[in-house]
Amino acid sequence: MDNPGDSEIVSSPLPEFLNDLHSKYKSLQEGAVANYIPELAKVNPDLFSICIVTVDGQSYEVGDYKQLFTIQSISKVFAYGLALEDHGRDYVLTRVGVEPTGEAFNAIILDEQSKRPYNPMVNAGAIATTSLIKGAGATERLNRVLDMYRRYIGRDVFVDISLFTSERSTGHRNRAMAHLMLNFGMIDQNIEESLDLYFKQCSAMVNCRDLAVMAATLANKGINPLTEERAVESRYIKDILSVMYTCGMYNFAGEWAYKIGIPAKSGVCGGIIAVVPNQMGIGVFSPLLDIRGNSVRGVKVCEELSQRLGLHLFECSNSGGNFGETVFKPCGDE
Ligand SMILES: NC(=O)CC[C@H](N)C(=O)O
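All of these numbers come straight from a predicted model, not from anything done at the bench. (Residues numbered from 1 in each chain as written. Predicted model: local features only at pLDDT ≥ 70, side-chain atom pairs only at ≥ 80, totals over all residues. Heavy atoms only, no water.)

Asker: Even after reading the chapter, I still don't get the environment of Ser234, so can you show me in this structure?
Answerer: For Ser234, the position within the fold is in the loop between α10 (208-219) and α11 (237-247). Spatially, the C-alpha atom of Ser234 lies 8.3 Å from that of Ile223, the residues being 11 residues apart in sequence. (Helix = DSSP H or I, 4+ residues; strand = E, 2+ residues; numbered from the N terminus.)

Asker: Sorry if this is basic, but what is going on with the state of the cysteines here?
Answerer: Here a disulfide denotes one covalent bond, and it connects the sulfur atoms of two cysteines. For the structure shown, the criterion picks out 0 disulfides. Looking at Cys302, it has no disulfide partner, and the nearest cysteine sulfur is the one in Cys208, 9.7 Å off. Overall, the relative accessible area of 2% leaves Cys302 in the buried class. (Disulfide = S-S within 2.5 Å. Buried < 20%, exposed > 50% of the residue type's maximum accessible area, 1.4 Å probe, protein only.)

Asker: Even after reading the chapter, I still don't get the site of the ligand, so can you show me in this structure?
Answerer: In the vicinity of the ligand, the contacting residues are Tyr36, Gln72, Ser73, Phe105, Asn123, Glu167, Asn174, Tyr198, Cys202, Tyr250, Gly267 and Val268. At 2.6 Å from a nitrogen atom of the ligand is found a side-chain nitrogen or oxygen belonging to Glu167. In isolation the ligand exposes 300 Å². Once the protein is present, 99% of that is buried. Its residues assigned to classes, the shell around the ligand comprises 6 nonpolar, 5 polar and 1 charged. (Near = heavy atom within 4 Å. Polar contact = N/O pair within 3.5 Å; in protein donor to acceptor, adjacent residues only side chain to side chain. Areas by Shrake-Rupley, 256 points an atom, 1.4 Å probe, with all protein chains shown as cover. Nonpolar A, V, L, I, M, F, W, Y, C, P; charged D, E, K, R; others polar.)

Asker: Would you mind showing me how to read the packing of aromatic side chains here?
Answerer: For any pair of aromatic rings, geometry is given as the distance between the ring centres together with the angle between the planes. Going through the model one piece at a time under the given rule, you end up with 6 aromatic pairs. Seen in terms of ring centroids, Phe78 and Tyr152 are 4.6 Å apart; in terms of plane orientation they differ by 70 degrees. Their pairing is edge-to-face. Here Tyr152 lies in helix α6 (residues 138-153) and Phe78 lies in helix α3 (residues 75-87), a separation of 74 residues in the sequence. For Tyr152, a relative accessible area of 1% translates into the label buried. Ring plane angle 45 degrees and centroid distance 5.2 Å describe the contact between Phe105 and Tyr250, whose orientation is recorded as tilted. Here Tyr250 lies in the loop between α11 and α12 (253-259) and Phe105 lies in the loop between α4 (89-95) and α5 (123-131), a separation of 145 residues in the sequence. Taken individually, Phe105 and Tyr250 each receive the classification buried, so the pair is uniform in this respect. Three or more aromatic residues joined by ring pairs make a cluster, and in this case those are Tyr36, Phe105 and Tyr250. (Phe/Tyr/Trp six-rings, centres within 6.5 Å; stacked < 30°, edge-to-face > 60°.)

Asker: What am I meant to see in the UniProt feature "binding site: substrate" (unreviewed entry) in the protein chain here?
Answerer: Under the feature "binding site: substrate" (unreviewed entry), the UniProt entry names Ser73, Asn123, Glu167, Asn174, Tyr198, Tyr250 and Val268. Exposure remark for Ser73: the relative accessible area of 5% places this residue in the buried category. With sequence-adjacent residues up to four places away left out, Ser73 is seen in contact with Asn123, Tyr250, Lys265, Ser266 and Gly267. Residues within four places of Asn174 in sequence aside, it is in contact with Asn123, Ile127, Glu167, Leu195, Tyr198 and Phe199. (UniProt positions renumbered as here; feature names shortened; annotations may be inferred. Contact = heavy atoms within 4.5 Å.)

Asker: In this structure, what is going on with the nonpolar core? I would like to understand it.
Answerer: For soluble globular proteins, nonpolar side chains are generally found buried alongside one another. Of all hydrophobic cores here, the largest spans 68 residues; its most connected members are Phe78, Tyr149, Leu218 and Met244. Tallying contributions element by element places α10 first for this core, with 9 residues. Other than its neighbours up to four places away in sequence, Tyr149 contacts Ile71, Ser75, Gly154, Val157, Gln201, Ala204 and Met214. Met249, Phe252, Ile282 and Leu305 belong to the second largest nonpolar core, which has 30 residues in total. (Core = buried A, V, L, I, M, F, W, Y, C linked by side-chain atoms within 4.5 Å.)

Asker: Mind showing me how you'd approach unusual backbone geometry here?
Answerer: Backbone phi values are negative for most residues with the exception of glycine, while trans is the configuration of most peptide bonds. Positive phi, normally seen in glycine, also occurs at Glu228, with a value near 65 degrees. Checked against the element boundaries, Glu228 lands in the loop between α10 and α11. Judged by relative accessible area, which is 65%, Glu228 ranks as exposed. The phi torsion at Asn278 lies on the positive side, around 65 degrees, for a residue other than glycine. Along the polypeptide, Asn278 turns up in the loop between β6 (271-276) and β7 (280-285). By relative accessible area, Asn278 is classed as partly exposed at 49%.

Asker: What should I look at first to understand α11 in this one?
Answerer: Turn by turn, an α-helix covers 3.6 residues, leaving residues three or four places apart pointing in a common direction. Most of α11 sits out of view: 8 of its 11 residues are buried. In this structure, the buried side of α11 is in contact with α3, α4, α10, α12, β5 (264-266) and β6.

Asker: Any chance you could explain the pairing of β6 here in plain terms?
Answerer: Regular strands place side chains that alternate from one sheet face to the opposite one. Counting buried residues in β6 gives 6 out of 6 residues, a clear majority hidden from the surface. Of the two faces of β6, both are covered, the one formed by Gly271, Ile273 and Val275 as well as the one formed by Ile272, Ala274 and Val276. The turn joining β5 and β6, which pair antiparallel and follow one another in sequence, is formed by 4 residues; a positive phi near 105 degrees is taken by Gly270. Note: β6 against β7, 6 bridges, orientation antiparallel. Considered in β7, the bridge of Ile272 is made with Val284. Hairpin connection, β6 to β7: the antiparallel pair is bridged by 3 residues, and Asn278 has positive phi, about 65 degrees. (Pairing = 2+ DSSP bridges.)

Here you go:
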C-alpha cells in the first residue's frame, strides 16, 4: 500500500469506508455542470452520493442518495439490452458496432466502411439502438422502456418533462446524427419518433441508489437482487458488459479500463454506474463533470473503490466475499 492512511480505510467495514470516501471528496470542487441542455444546468453542483448494492441484496449508501436526477447516457446500457432482446445479437451488430471511438460522446462520426455508428455507448450508436426498440407506436415503445427501467430498479420510473422538452428543443446535434444515419439506411424513416424516445429515455428520473440497483442487476446476471425479477436475458449480459468495459466512459474508456478495470457507464447528469460481475453494483452521483463529460468525483471514488477493494478484473481473483460483513483487505496483500 502506498499511503499511510490506507490500512485504516481498508480495515473498516463498508459503511465507514463509504463515509470516509464521501468526506474525502466532498470538498473537491473541480469540474463544471453540463449546460448544453439548458435544464441540466440548473442542478445543484454540491450534490454527492455513493451507493453499493451487492448481488445478495445488501445496500449501502452515503450522501444525497435519494436525490432524483435524469439518467442521461447511463440509459444507453439498458436500451442496448432491450434492443438485443428485440432483435438478437447478429441483427443489432449490423446496425451498431462495438468499437471504441476515442472521440467525445457527441461526435458526429460513423464507421467509414460499414456506415454504422461505432458503439451503443456514444450518442450516435445510442440513437441507432433506440430506433431498434420495438412497439406499435410512440406510447408503446416508451412504455416498454419505462417497464424495463421498472424491472431494473424495482419501482415505477417517470420522465422529467421539462428536461425532455429542453433537450428536444436544443438537440440539433443528435438530430444531425439521426439524419446522417438515415442517409446511410442505418435507422428507419421514423426518426422524430426515435429521437423523442431517446430524449425521453435520457430524461427518466433516478436516484443514486437506483443506479446501484441497476448495476447490481447487471452484476447478478440480469436479475434484480432486491425484487428477484429478471430485467434482461442472461445471454446478453456479456454483450452489455463488454461494450460498457470498452466504450462506457467515452474517450476516457481506455484509461478507465487500465486503471479501474470494471465495466462502467457515465452520463452528463453526473452519474456513473460500475459493475463488478457476480459481486456488486456501484452508483455514484456528483454533477461536476470533467471535459469528457464524466463526473470528477465519480471517477475518483470509483478509482479508490477499485484500488482499495481490489476490484480490477485483471488484478487478481476477486475475493467474492460477503460484502455485508467483510472487513476489506486489498487483494494481492494476502
Ligand atoms: N453523455 C450524455 O449523458 C449525453 C446524453 C444526452 N441526453 C445527449 O444526448 O446529449
